[in-house]
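The chain contents come next:
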Amino acid sequence: MDKVQGMLLGTQTVNGNGVLEIGGCDAVALAQEFGTPLYVVDEQCLRENCRAYREAFATRYPHSHISFSGKVLTTMAVFKIAHQEGLGLDVSSEGELHTALRAGIPARDIVFHGNNKSRREIERAVIEGVGRVGVDSLDEIEALQEVAAAHDATVDVLVRVAPGVAADTHTHIQTGRVDTKFGFPIVGGAAKEAVAAAHAAPNLKVRGINCHIGSQIMDITPFVQAVRLMVEFAAELRNSLDLVIEELDLGGGLGVRYLPEDRPPSIVEYAQAIADAMRASCEKYDLPLPRLIQEPGRRLAGEAGITLYTVGVVKTVPGIRTYVVVDGGLSDNPRPALYDARYHAIVANKARAPRTTTVTVAGKHCETDTLIQDLQAPEIAPGDILAVQTTGAYNYSMASNYNRLTRPAMVLVANGRADLIVERESLEDLTRLDRLPPRLRD
Ligand code: LLP
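Computed from a predicted model, the values in this text were never measured in an experiment. (Residues numbered from 1 in each chain as written. Predicted model: local features only at pLDDT ≥ 70, side-chain atom pairs only at ≥ 80, totals over all residues. Heavy atoms only, no water.)

Enquirer: Could you clarify how one ought to interpret the side chain of Thr390 in this entry?
Expert: The topology assignment puts Thr390 in the loop between strand 19 (385-389) and strand 20 (409-414). Beyond its immediate stretch of four places on either side in the chain, Thr390 contacts Met7, Leu9, Val256, Arg257, Tyr258, Gly302, Glu303, Gly305 and Tyr343. (Helix = DSSP H or I, 4+ residues; strand = E, 2+ residues; numbered from the N terminus. Contact = heavy atoms within 4.5 Å.)

Enquirer: Would you mind showing me how to read the domain arrangement of the protein chain here?
Expert: Often, the extent of an interface is quoted as the loss of accessible area on bringing the components together. Under the domain assignment used here, the protein chain contains domain 1 (3-42 + 302-426) and domain 2 (43-298). When each unit is reduced to the centre of its C-alpha atoms, the spacing between domain 1 and domain 2 is 32 Å. For the pair domain 1 and domain 2, the summed buried area comes to about 2,400 Å², and 62% of that belongs to carbon and sulfur atoms. When the buried area of domain 1 at its contact with domain 2 is split by residue, Glu303, Tyr339 and Tyr394 rank highest and sum to 23% of it. (Domains from an automatic or database assignment. Buried area = accessible area lost by both parts, 1.4 Å probe.)

Enquirer: What should I look at first to understand the site of the ligand in this one?
Expert: Lining the immediate environment of the ligand, one finds 19 residues, of which Ser215, Glu295, Arg298, Arg335 and Tyr394 sit closest. Here Glu295 contributes a side-chain N or O atom positioned 2.7 Å from a nitrogen atom of the ligand. A distance of 2.7 Å separates an oxygen atom of the ligand from a polar atom in the side chain of Tyr394. Its free accessible area being 590 Å², the ligand has 91% of it covered by the protein chains. Looking at the shell around the ligand residue by residue, the classes come out as six nonpolar, eight polar and five charged. The residues that make up the shell around the ligand include at least three from each of domain 1 (3-42 + 302-426) and domain 2 (43-298). (Near = heavy atom within 4 Å. Polar contact = N/O pair within 3.5 Å; in protein donor to acceptor, adjacent residues only side chain to side chain. Areas by Shrake-Rupley, 256 points an atom, 1.4 Å probe, with all protein chains shown as cover. Nonpolar A, V, L, I, M, F, W, Y, C, P; charged D, E, K, R; others polar.)

Enquirer: Whenever I open this one, the pattern of salt bridges confuses me. Can you help?
Expert: With the rule as written, the count across this model stands at 23 salt bridges. Across the pair Glu94 and Arg120 runs a salt bridge, and its minimum N-O distance is 2.7 Å. Of this pair, Glu94 sits in helix 5 (residues 94-102) while Arg120 sits in helix 6 (residues 119-128), and the two are 26 residues apart along the sequence. A salt bridge links Arg119 to Glu123, with the nearest nitrogen and oxygen atoms 3.8 Å apart. Of this pair, Arg119 and Glu123 both sit in helix 6, four residues apart, which is roughly one turn of the helix. A relative accessible area of 31% means that Glu123 is categorised as partly exposed. The structure contains a network of salt bridges with shared partners spanning Arg132, Asp156, Lys205, Arg207, Glu246, Glu247 and Arg291. (Salt bridge = Lys/Arg side-chain N within 4 Å of Asp/Glu carboxyl O. Buried < 20%, exposed > 50% of the residue type's maximum accessible area, 1.4 Å probe, protein only.)

Rendered as structure tokens:
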């Protein structure tokens, strides 16, 4: 049955009626009960990924800490699950921080990143007492010192460093090169200067350095390279500033399966390579092993998410292609448009039917919003339910209201049970913030 559909992820399976099930729930029944488009989160898959990551590091590099990258799937329920699995959380705006605090995540378990924090965000971070602030500019170091002093607080900081690694991923999501808006490049001395500035600030305590080289990375080599460069930099800081780097935060970036042929490294392989590189590099520079922080996002949530759509129009352009048009698109998944991202899908109500045609899946926006260029599929008809896989990362959290589509609902499924974790937006929600000034009221 796997063969027919190409890939089944997490708890996805095909039941006796040939219908796709996720978390023991019939996908067609979910679409009927909650409407479409619908984001579905496979709780067991999410929990298992969190656990696998934590255990892979705990056994290979005991002094490690895993933090869920909150921007990936920013909902209270998902944050809560990650925290229950023993993970911390990283946020990069006041909105993400607010969501985390409302979910009951203790501030001390939160790392606050972001390359342009507002004064208000800095104040909120200090007042709430977040565990770490990742500082990203000299202006921020100055502002954070000022706010910390005003509140008579000492703030633990990580200094964001650009190690100069170009990972093989879409250029929009390469973030560790020297030419980047994120952090301070090691090359040229800016990173050392920034650490020195933070170290000299009386109300800041430099706990360590952090980097994030990019996302959806399918090869371990650039991560190992980043470890070497970061440890070398830590040694330079010890030698020149007499500063011990207690923590090394490597960010996230490990890739997932979008297509049946994708082969990302396993979490265990990845953890082993990082642990080995940490030991070898620290030994080389005679440094004590720092606490290792990882901030995976996509790898934890990506494959746990699936989006259900209802097929509306099926249109053949003779001799060219057949368009299968669904009731969402660019607004619930901007990734194909932004990054040429590719996806795989299953026709949920025909999950065992042989794939005899090739179609293009498009959305309903006033754009050429192709979701899937060439999908091998059974004959598709209006009313079919299409399940696009691996939509747990950067789909809901990057969704918009373009063409004033209401953002989809999200359900959490496990053991045959489905709980609504994000309500579908209503038409009222769409106009809630609009104002008609008196002179426009007839
Ligand atoms: N840590 C930091 C500091 C980050 O900036 C990010 C992601 C992560 C961790 C998590 O990375 P992950 O494990 O998910 O790769 N919107 C793009 C991806 C942007 C990544 C931003 N930073 C996409 O949809 O592909």
